[in-house]
Amino acid sequence: MMERKRTDCPALPPGWKKEEVIRKSGLSAGKSDVYYYSPTGKKFRSKPQLSRYLGNTVDLGCFDFRTGKMMPGKLQKNKQRLRHDPLSLAKGGKPDLNTVLPIRQTASIFKQPVTKVTSYPGNRVKTDLQKAVEQPRQLFWERRLKGLRSSDITEEVLRVMDLPKGLQSVGPDSSDETLLSTIASALHMSSAPILGQTSAAAEKNPAIWLNTSQPLCKAFTITDEHIREQELKVQQARRSLEEALMADGLARAAENTLGGR
């Protein structure tokens, strides 16, 4: 259930509309999404999309996408932040003497760090043992992702991905949807290999023997046949993406041609 409010946007050329969609249910209830519509009805979900479409006709440097207003103070703050950013020195920015890492003030075009020499080699650095210890993780935290669905640009819910038969879930009240979420979270948050729950005891009593660094699935093995199948899917996805980009480019060219008449 969503509430939609569409109003005119005076900061953009005449005919442009701003739409605010307020979510009424789910974990994100109360939050809102902002979209913009051109006079022809085309929908824009982000400021980069809007900037690419308008080009040089409108300066969006101080345009706030959420409020739909021009905010010159925001542009000034961004300039001040870049002025004090050490990385901006490589782009010809003014050196900042209060940077965290000292920068050698020379005429070189490359950023050269300064070696810091301590006059008291006998000093020892104290470490915080509490921060050094790995923090405990909540068991079955992936179940909080249950019920969340992704949607495309038209806000239509995407179809759930079909998992291979070799992937079997572990834990109470587990489903294919929860298993897909836990595998995706493990791939995104961890750099370690994803092997599943290698301990057989985890199936009998997961609350005790569960490995929290691995997803909620039984141990699985990746074969050369699986790899070849995924390579084929990647090639097909790349061809589809190439066709979509070509179609989008042709549509933009046709739209620009009609707009220039």
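Remember, it's a predicted structure, so these values are computed and weren't measured experimentally.

Caption draft 1: A look at the overall build of the protein chain. Assigned secondary structure in the protein chain consists of seven helices and six strands. Along the chain direction, N to C, the helices and strands of the protein chain fall in the order β-β-β-β-α-β-β-α-α-α-α-α-α. Counting the 261 residues in the protein chain, one finds 19% classified as buried. Taking all contacts inside the protein chain whose residues are at least 6 apart in sequence as the whole, residues at least 24 apart take part in 38%. For the protein chain, the accessible surface area stands at approximately 20,500 Å², while carbon and sulfur atoms represent 56% of it.

Caption draft 2: Structural view of the pairing of strand E2 (residues 17–23). Pairing analysis gives seven bridges linking strand E1 (residues 2–8) to E2, with the strands arranged antiparallel. For Asp8, the partnering residue across the bridge sits in E2 and is Lys17. In terms of strand pairing, E2 meets strand E3 (residues 32–37) through six bridges, oriented antiparallel. In the sheet register, Lys18 faces E3, and the bridge partner there is Tyr36.

Caption draft 3: Here's a closer look at the pattern of salt bridges. Inspection of every chain in the model, using the stated rule, returns five salt bridges. The salt bridge partner of Arg6 is Glu19, with a shortest N-O separation of 3.3 Å. Residue Arg6 is located in strand E1, and its partner Glu19 is located in strand E2; the two are separated by 13 residues in the primary sequence. Classification of Glu19 by relative accessible area gives buried; the value is 4%. A salt bridge links Arg23 to Asp33; the nearest nitrogen and oxygen atoms lie 2.9 Å apart. Of the two residues, Arg23 sits in strand E2 while Asp33 sits in strand E3, which places them ten residues apart along the sequence. The class for Arg23 is partly exposed, based on a relative accessible area of 26%. Through salt bridges with shared partners, a single network forms among Arg4, Arg6 and Glu19.

Caption draft 4: Layout of the environment of Asp33. Sequence spacing of Asp33 and Arg4 is 29 residues, and the spatial spacing of their C-alpha atoms is 9.5 Å. Aside from chain neighbours lying at most four places away, what touches Asp33 is Glu19, Glu20, Val21 and Arg23. Here the side chain of Asp33 touches Arg23 through a polar contact of 2.9 Å, side chain to side chain.

Caption draft 5: Up close: the nonpolar core. One finds Cys9, Leu12, Trp16, Val34, Tyr36, Phe44, Leu50, Leu54, Val58, Leu60, Phe63 and Phe65 forming the largest nonpolar core, which totals twelve residues. Secondary structure elements with two or more residues in this core: E3 and helix H1 (47–54). The contact partners of Leu50, leaving out residues within four places of it in the chain, are Leu12, Trp16, Tyr36, Phe44, Leu60, Phe63 and Phe65.

Caption draft 6: Focus on the environment of Asp8. Along the chain, the position of Asp8 falls in strand E1. Among the residues examined, Asp8 registers a relative accessible area of 52% and is labelled exposed. Separated by eleven residues in sequence, Asp8 and Glu19 place their C-alpha atoms 8.8 Å apart. With sequence-adjacent residues up to four places away left out, Asp8 is seen in contact with Trp16 and Lys17. Of the polar contacts made by the side chain of Asp8, one reaches the side chain of Lys17; its length is 2.3 Å.

Parameters at a glance
- Residues numbered from 1 in each chain as written.
- Predicted model: local features only at pLDDT ≥ 70, side-chain atom pairs only at ≥ 80, totals over all residues.
- Heavy atoms only, no water.
- Helix = DSSP H or I, 4+ residues; strand = E, 2+ residues; numbered from the N terminus.
- Buried < 20%, exposed > 50% of the residue type's maximum accessible area, 1.4 Å probe, protein only.
- Contact = heavy atoms within 4.5 Å.
- Areas by Shrake-Rupley, 256 points an atom, 1.4 Å probe, with all protein chains shown as cover.
- Pairing = 2+ DSSP bridges.
- Salt bridge = Lys/Arg side-chain N within 4 Å of Asp/Glu carboxyl O.
- Polar contact = N/O pair within 3.5 Å; in protein donor to acceptor, adjacent residues only side chain to side chain.
- Core = buried A, V, L, I, M, F, W, Y, C linked by side-chain atoms within 4.5 Å.

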